[in-house]
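Chain by chain, the residues run as shown.
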Amino acid sequence: MTHQSRTGRGGQSEPVEREVLLGLAYRLLGSVADAEDAVQEAYVRWYRLDHRDRRQVASPRAWLLTTVGRIGLDMLRSARVRRERYVGEWLPEPVPTPGRWTSHAEGDPLDPADRMTMDESVSMALLIVLESMTPAERVAFVLHDVFRCTFPEVAAVVGRSPEACRQLASSARRRLRQARARPVSRSEHTAAVRSFARAWRAGDLAGLVSALDPSATAVTDGGGIVSASVAPLRGAEEVARFFLGVAGRQPDLTIVEDLVNGEAGLVATGVGRVLAVITFTVGDGRIQRVHAVRNPDKLTAWNEIVT
């Protein structure tokens with residue numbers, strides 16, 4: 001099989017597309033900055049191999065995917081400890097579509113090699129479910145079900161037998177089935193988001209409540225840096241009043257529809273910068289869950305677009 005290469009630091013050719021590795025690391029870690037760190041470390045390990053050892057690697061792509069998987073597994077384990085100290089709810093970092101695979105302002109933002117592949121496996125809803133899995137379950141599922149690694153290859157990453165890895169992936173799929181509502185078409189999802197946005201812009205409490213499922217929940221992630229609800233909001237009226245309160249405190253708030261991780265979402269801007277990126281889970285024509293990321297550390301790519 002032939003794989004494209006890119007030129008890395010020092011003029012050396014990278015043996016696998018960088019965005020493939022970033023796509024893997026982002027799905028494992030839910031953070032662009034952490035994904036960049038994992039991929040950079042994998043390339044460092046690759047170039048530390050002497051020339052003879054590199055030539056003996058039958059598949060550089062498999063070697064790098066495995067290495068990113070191992071690094072990601074270690075980072076997931078340490079992230080669990082960090083997130084226990086996180087202020088409020090932790091949500092994955094949302095990315096624009098087309099997503100720019102960097103948290104830095106270097107290079108051409110439209111370079112196709114720095115874009116992520118958007119599919120269901122990178123939706124915010126799925127990333128949030130992945131957060132509920134054990135690190136080994138998450139790694140096994142992403143490597144096998146998304147990146148089509150064999151279970152012996154997954155076993156080399158998580159340090160368990162292929163059969164144990166098969167069970168890990170099966171457990172992860174069960175979690176996904178339990179968390180998923182009835183499949184919703186793109187048009188139904190977009191219509192529900194649009195109804196929410198229209199009512200929010202108009203300050204229409206009844207309209208917001210109507211757009212929300214009666215048992216809707218909302219989670220906001222401020223990371224202790226900006227104001228956010230520390231506990232989840234529950235019930236359509238409580239959620240609606242919260243978002244109307246946000247608009248009341250930010251009179252210059254602008255709410256626009258945009259694609260977030262490949263799905264319809266909302267971007268709220270004020271004072272010339274992005275203040276929140278909001279994603280939704282929709283069922284039966286109404287919004288069931290709202291996830292609003294306010295932590296500015298997770299909005300870097302969005303603010304680069306604005307500026």
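Owing to the predicted nature of the structure, the values given are computational and were not obtained by experimental measurement.

**Student:** In this structure, what is going on with the packing of aromatic side chains? I would like to understand it.
**Tutor:** When we look at a pair of aromatic rings, we describe it by the centre distance and by the angle of the planes. All told, the structure shown has 7 aromatic pairs when counted by the stated rule. Measuring from ring centre to ring centre gives 5.2 Å for Trp 46 and Trp 63, while their planes differ by 65°; the resulting arrangement is edge-to-face. Of this pair, Trp 46 sits in helix H2 (residues 32–48) while Trp 63 is found in helix H4 (residues 60–84), placing the two residues 17 residues apart along the sequence. Taking the relative accessible area as the measure of exposure, Trp 46 reaches 5% and is therefore buried. The exposure class assigned to Trp 63 is partly exposed, which follows from its relative accessible area of 23%. Both rings, one in Trp 200 and one in Phe 243, keep their centres 5.1 Å apart while their planes meet at 85°; by these two values the pair is edge-to-face.

**Student:** Looking at this structure, I do not really get helix H9 (residues 186–202). What am I missing?
**Tutor:** Because each turn of an α-helix spans 3.6 residues, side chains separated by three or four positions end up pointing in the same direction. In this model H9 runs 24 Å from its N-terminal to its C-terminal C-alpha over 17 residues, within 8% of the 24 Å that 1.5 Å per residue would give. Turning to H9, its buried residues are His 189, Thr 190, Ala 192, Val 193, Phe 196, Ala 197, Ala 199 and Trp 200. Within two residues after H9, Gly 203 carries a phi angle of roughly 65°, on the positive side.

**Student:** How should the pattern of salt bridges be read in this particular structure?
**Tutor:** Should the charged atoms of two oppositely charged side chains come close, the side chains can pair. A complete count under the given rule lists 10 salt bridges for this structure. With a shortest N-O distance of 2.9 Å, Glu 41 and Arg 45 are connected by a salt bridge. Taken together, the residues span about one helical turn, with Glu 41 and Arg 45 both in helix H2 at a distance of 4 residues. A residue is classified by how much of its surface remains accessible, and Glu 41, at 28% relative accessible area, is partly exposed. When the shortest N-O distance is used, the salt bridge between Arg 194 and Glu 257 registers 2.9 Å.

**Student:** Quick question: what am I supposed to make of the side chain of Thr 220 here?
**Tutor:** Mapped onto the fold, Thr 220 is located in strand S3 (residues 212–221). At 2.8 Å, the side chain of Thr 220 and the backbone nitrogen of Ser 229 are in polar contact. Discounting chain neighbours no more than four positions away, the residues touching Thr 220 are Glu 89, Ala 228, Ser 229, Phe 242 and Ala 292.

**Student:** Looking at this structure, how should I read unusual backbone geometry?
**Tutor:** Trans is the common state for peptide bonds, and a negative phi is the common state for residues other than glycine. You will see that Arg 148, though not glycine, has its phi angle at about 60°, which is positive. Relative to the helices and strands, Arg 148 is located in the loop between helix H6 (135–146) and helix H7 (151–158). Arg 148 sits in the exposed class, given a relative accessible area of 63%. One non-glycine residue with positive phi stands out, namely Asn 261, at about 50°. Along the chain, the position of Asn 261 falls in the loop between strand S5 (254–260) and strand S6 (263–270). Owing to a relative accessible area of 1%, Asn 261 belongs among the buried residues under this scheme.

**Student:** Looking at this model, I keep getting lost on the nonpolar core. Mind explaining?
**Tutor:** Buried together is how nonpolar side chains tend to be arranged in soluble globular proteins. Judged by nonpolar contacts, the single largest core of 49 residues is most densely connected at Leu 24 and Val 139. Among the secondary structure elements, those contributing two or more residues to this core are helix H1 (18–29), H2, H4, helix H5 (124–131), H6, H7 and helix H8 (162–179). With 8 residues, the single largest contributor to this core is H1. If we skip the residues at most four places from it in the chain, Leu 24 touches Leu 65, Val 68, Gly 69, Val 142, Leu 143 and Phe 147. With 29 residues, the next largest nonpolar core counts Ala 264, Leu 266, Ala 276 and Phe 280 among its residues.

**Student:** Just checking my understanding: could you explain the sheet that holds S3 for this structure?
**Tutor:** Sheet strands pair by backbone hydrogen bonding; their relative direction is either parallel or antiparallel. Across the sheet, which stays open at both edges, the 6 strands sit in the order S4-S3-S8-S7-S6-S5 with mixed pairing between neighbours. The two strands at the open ends of the sheet, each matched to only one other strand, are strand S4 (233–234) and S5. Docked against the sheet, H9 engages S3, S5, S6, strand S7 (273–283) and strand S8 (286–293), running at close to 25° with respect to S6. Helix H11 (residues 236–249) rests against S3, S4, S7 and S8 of the sheet, and its axis sits at about 45° to S3.

**Student:** In this structure, what is going on with the environment of Ala 268? I would like to understand it.
**Tutor:** Within the fold, Ala 268 resides in strand S6. With 12 residues separating them along the chain, Ala 268 and Val 256 place their C-alpha atoms 6.5 Å apart. In this view, Ala 268 contacts Trp 200, Leu 253, Thr 254, Arg 273, Val 274, Leu 275 and Ala 276; residues no more than four positions away in its chain are not counted.

**Student:** Quick question: what am I supposed to make of H1 here?
**Tutor:** End to end, H1 covers 16 Å across 12 residues, agreeing with the expected 16 Å (1.5 Å per residue, within 8%). For H1, the tally of buried residues reaches 11 of 12 residues, placing the bulk of the element in the interior. All of the buried residues in H1 are Arg 18, Val 20, Leu 21, Leu 22, Gly 23, Leu 24, Ala 25, Tyr 26, Arg 27, Leu 28 and Leu 29. Positioned one or two residues after H1, Gly 30 has a phi angle of 70°, which is positive.

**Student:** Quick question: what am I supposed to make of the environment of Ser 210 here?
**Tutor:** Here Ser 210 shows up in helix H10 (residues 205–211). Each C-alpha atom, one on Ser 210 and one on Ile 287, is 9.3 Å from the other, the two residues being 77 residues apart in sequence.

Rules and cut-offs
- Residues numbered from 1 in each chain as written.
- Predicted model: local features only at pLDDT ≥ 70, side-chain atom pairs only at ≥ 80, totals over all residues.
- Heavy atoms only, no water.
- Phe/Tyr/Trp six-rings, centres within 6.5 Å; stacked < 30°, edge-to-face > 60°.
- Helix = DSSP H or I, 4+ residues; strand = E, 2+ residues; numbered from the N terminus.
- Buried < 20%, exposed > 50% of the residue type's maximum accessible area, 1.4 Å probe, protein only.
- Expected span 1.5 Å × (residues − 1).
- Salt bridge = Lys/Arg side-chain N within 4 Å of Asp/Glu carboxyl O.
- Polar contact = N/O pair within 3.5 Å; in protein donor to acceptor, adjacent residues only side chain to side chain.
- Contact = heavy atoms within 4.5 Å.
- Core = buried A, V, L, I, M, F, W, Y, C linked by side-chain atoms within 4.5 Å.
- Pairing = 2+ DSSP bridges.
- Axes fitted to C-alpha atoms, helices over the stretch in contact; angles between N-to-C directions.

Treat this as a map of the structure, not an account of what it does.
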